[in-house]
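Reading the structure
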Amino acid sequence: MRVRCPLAVRVALLVLMAVAISVGGVAAYLGPLPDTTLPEAGLTAPSGYVYDRNGRLLYEMVDESGGRQRSVPLDKMPLHLRQAVVATEDARFYRHPGVDILAIGRAAFSNLRAGQIVSGASTIPQQLARMLLLPSSERTELSLRRILREAVLAIGLNVRYSRDEILERYLNQTYFGAYAYGAEAAAQTYCAKPVAQLDLAECALLAGLIQSPEVYNPLTHPEAALERQQVVLRLMVENGYLTADQAEQAANEPLRLAGNDGTMLAPHAVVYARTELESLLTPEQIAAGGLRIYTTIDLPLQQQAERALQQHLARLNTPRANEPAHNVHNGAVVVLDVATGGIAVMVGSPDYADGAIDGAVNGALALRQPGSAVKPFTYAAAFERGYGPASVLYDVPSTFTTADGKSYTPINYDYRYHGPVSLRQALGSSYNVIAVELLDRIGVQALPDLAHRAGAPALADSEAHGLAMTLGSCEVPLLQLARGYATLARGGRYLDTHLITRVETTSGEVLYQRPEPRPIQTIDERVAYLVTDILADSDARLPAFGANSALETGLPAAVKTGTTTDWRDNWTVGYTTSRVVGVWVGNADGSRMESVSGVSGAAPVWQEVMLAAHPTAPAPFVRPAGLQAVRVCTLSGKLPTSACPHSHEELFLAEDVPTETCDEHQLVAVDAATGEPVTGECSAPACVRRATIIWPAEALDWAIEQGLARPEEAASLAAMTRSPSTTQVSETAPLRIVQPADNARYRLSEALPRSAQAIGVQVAAATLPVGSEVSLLLDDRIIATWQQSPYSALWPLEEGEHTLLARASLADGRLIESARVHIWVDQASGGN
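Note that this is a predicted model, so its numbers are computed, not measured. Residue positions within a chain follow its written sequence, with the count starting from 1. This being a predicted model, a pLDDT of at least 70 is required before a residue's local features are given, and a value of 80 or more before pairs of side-chain atoms are given or counted; all residues contribute to the totals for chains, interfaces and linings. The basis for every side-chain value is the complete set of non-hydrogen atoms in the structure, without hydrogens or water.

1. So, the environment of Thr-263
Formally: Helix and strand definitions follow DSSP, with helices as H or I runs of at least four residues and strands as E runs of at least two, each counted in order from the N terminus. Summary of the burial criterion: residues with accessible area below 20% of their type's maximum are buried, those above 50% are exposed, and those between are partly exposed, where the area comes from a 1.4 Å probe applied to protein chains only.
Along the chain, Thr-263 falls in the loop between α12 (244-251) and α13 (267-280). Residue Thr-263 is classed as exposed on the basis of its relative accessible area of 58%. Distance in space between the C-alpha atoms of Thr-263 and Tyr-59 is 6.9 Å, their sequence separation being 204 residues.

Dropping the structure here:
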């Protein structure tokens, strides 16, 4: 919204400028001004050099304004580019005398209201004067003196040169990012073509870079660049350069970005380094040239990763007999040093120069759906809340109620259900139903909160705040996801990623030196270890991935795959104690692949790069203090009894060591001849005691379907093991609140509207007589009633302590009640 400057303020500014130009006292204040004669070309700066971690040269950065790129006459530049730049940078360029009084008035109003300089009003002549006439030490000053000197010089330029001469010099000298000075250099850098060949969409894209080249760089921030392109097109329409239809057509045009510099090694890393440089040094330090930029890139490993990606994509696109064409043309690889956070490898695409696949766009930085690769963060959040690898949930057909009141039924990747599953096996084998069930129990916000602490804030910023987040419906760049995994590899300690370690001048002056890494503990190291221990457990993933898959390296490595349901993205991310390797494959334009999963698409590249990254075996993961190994029943995850046929040792947080004994395995008296349960007195040899599974209500249908239980036997066993003296029944009773868990604690968030903060409540019931009605009571008041399953509802969180109770009213007037579930909802707290 434009703020109209009051007339009095505009008049005052005009008077001030007149005084500033004419009065000798103000002239003395401004000091001597440089001549307004523009140099014929920008000053050629000495070349800069980008090196890998061992001093190998990756790229020589030649000053584009005076080096390889030539200045282009204005009439050889596309009209759309000229119009886009004017509309975006200086809409009144052809009407003002070098300074825009109206714009200055608006800026002055904002500055006076803020009590400091918060807004400028630089015209194209002012920007050119600052760029080419003012000394470098003065260009970044936020002072009235600098603004007035710049304004006087801009007016002088308008007197000496025509508008087109000024615009031509501006377009040939202004900085477009990625070390590209001038429109010709920018066209070659981003589009691999001369500026004269740019179309409208490309012109709008480049014009949008001038305001903030680092933020809108399409090679490193493609989404932001496209959003900025829309702004430029809108401004062109508002200023009469385009019709709305022309702007819409350009906005919908798919851009093919590519670079054409074959001398650049690790090209995506070099471009990223140049972008990172802009956040470390001033524009003047960069423009001076002659920089020596040392990075964390491991060039031999980088080149091995590039070859691995190229060769595997070639194999996928040359399918064997009876295989479909896989249609997968792009991919990215990132390798991080766990100890430092340094980026050892950054492969953004298989071919930087291939515009057909948007090769110059850095796939390691693009937002993509991670699929199941996001699940470890869900499990870490659950482990913080009392769950553990031994906790058992039921992988059975389940329907959940989403925040908008709709039903959501997740499906496993193999389209099967697996019954009672420990969280160790559920994460290792990537079962979708369990992941959704778990997130529903702990609350949806728990996942983005933990992901943010781990180093993947894109997940926290995602608009997809729903149960499907745990299956990867959100978006995250590969680099961020790898950074989140690095936090797990580091024992829950966060450390930012970086590429540049040191920047020097040609004389050896150090302009930047990266400080020693200082990791921050953001996740309990025991929780991080539990997740790592599962992801490194070959047995846990055996049911889903089989033996000898591409996930096996012979190293002590934790690894997770991810595949979106529509085959558009697949991932493999894993780590050792020293390196994180992340791989994404897919298509830059979002088109779907055919029959390519995380195991067949990304995992072979991951395996090859992981082995190359470890010429010697890394140190094993070390179990931290505060974890305790306890033997539990394999089926229930509780302390075993003599009735449990299988048990194993599992890890627990010291404060979460189980105290309950298994009640799903029981010794039941059965008839020795028929095997049927005996309800009355019976002794040997007519009766024997047999270990029997008493299936919980929510797993009973699955057990019957699998032939593990008979309906009539299950009902009689449940009746035999239920205490007749109380309606507060056990887990084996015909009515039970499945979620939330007893003693669960939730916290309201200030970041979300109250309407979006709700939990799913689910009641499980054995077969009830026809005409039965199930009710859910919150603090003894009915909040939901059902006549048939599924018995699920969404309850908006209310601060305080609450009690939930399920009650079944039978047709004959009898009541059956569940055990009471106690939960706490804490008040909202500020974000971190």
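2. Some words on the sheet that holds strand β15 (residues 569-575)
Selection rule: Paired strands, in this sense, are two strands between which DSSP finds at least two bridges. In this description, a line fitted to the C-alpha atoms serves as the axis of each element, helices being fitted only across the stretch in contact, and the angle between N-to-C directions of two axes falls anywhere from 0 to 180 degrees. Working rule for contacts: check all heavy atoms of both residues, and any pair within 4.5 Å makes them a contact.
The five strands lie next to each other as β5-β4-β16-β15-β14, forming an open sheet whose pairing is antiparallel. Strands at the two margins of the open sheet, each flanked by one partner only, are β5 (343-347) and β14 (558-563). Across the sheet, the mean angle separating the axes of adjacent strands is 5 degrees when strand polarity is ignored. Of the strand pairs in this sheet, β15 and strand β16 (residues 579-586) are connected by seven bridges, and their pairing is antiparallel. Paired with Val-573 across the strands is Gly-582, a residue of β16. Contacts between helix α15 (residues 299-316) and the sheet are confined to β4 (330-337), β5 and β16, with β5 contributing the most and set at about 30 degrees to the helix.

3. A closer look at the side chain of Glu-817
For clarity, the threshold we go by: Polar contacts here mean pairs of N or O atoms no more than 3.5 Å apart (in protein, one a potential hydrogen donor and the other a potential acceptor; neighbouring residues in sequence count only if both atoms are side-chain atoms).
Of note, Glu-817 is situated in strand β28 (residues 815-817). At 3.0 Å, the side chain of Glu-817 forms a polar contact with the side chain of Arg-807.

4. With respect to unusual backbone geometry
Unlike most non-glycine residues, Ser-430 shows phi in positive territory, near 60 degrees. Owing to a relative accessible area of 10%, Ser-430 belongs among the buried residues under this scheme. Positive phi outside glycine occurs at Asp-780, with the angle close to 70 degrees. Here Asp-780 is to be found in the loop between β24 (773-778) and β25 (781-786). By relative accessible area, which is 54% here, Asp-780 ends up exposed.

5. Concerning the packing of helix α11 (residues 222-238) against α12
To keep things clear, this is the line we draw: Note on angle classes: values under 35 degrees are labelled roughly parallel, values over 145 roughly antiparallel, values of 65 to 115 roughly perpendicular, and the remainder oblique. By convention, the crossing between two helices is left-handed when the near helix turns anticlockwise from the far helix through less than a right angle, and right-handed when the turn is clockwise. The nonpolar class holds Ala, Val, Leu, Ile, Met, Phe, Trp, Tyr, Cys and Pro. Asp, Glu, Lys and Arg form the charged class, and all remaining residues, Gly among them, are polar.
It is the contact of α11 with α12, at a shortest axis distance of 9 Å, that shows an interaxial angle of 165 degrees. Compared by their axis directions, α11 and α12 come out roughly antiparallel. For the pair α11 and α12, the crossing hand works out as right-handed. Of the residues in α12, those touching α11 at Gln-229, Gln-230, Leu-233 and Val-237 are Ala-244, Ala-247, Ala-250 and Ala-251. A breakdown of the residues in the contact of α11 with α12 according to their chemical character gives six nonpolar, two polar and no charged.

6. Describing empty space enclosed by the protein
The probe, sized like a water molecule, is rolled over the atoms to show the empty space still left. What counts is decided by this rule: Residues are said to line a cavity or pocket when one of their atoms sits within 4 Å of a point; the points come from a 1 Å grid over protein atoms alone, cavities being sets where a 1.4 Å probe fits but cannot get out and pockets being open sets with protein on both sides within 12 Å along at least five of seven lines. Grid points are joined across faces, edges and corners, and a volume is the space filled by probe spheres set on the points.
According to the stated counting rule, one finds three cavities of 30 Å³ or more in the structure shown. Here the largest cavity is characterised by a volume of approximately 50 Å³. Around the largest cavity, the lining residues are Leu-427, Gly-428, Ile-534, Leu-535, Arg-541, Phe-545, Leu-551, Val-559, Lys-560 and Thr-561. When residues of the lining of the largest cavity are traced back to their parent elements, those giving at least two are α17 (423-428), α22 (525-535), α23 (538-545) and β14. Top contributing element to the lining of the largest cavity by residue count: β14, with three residues. Partitioning the lining of the largest cavity into residue classes produces six nonpolar, two polar and two charged.

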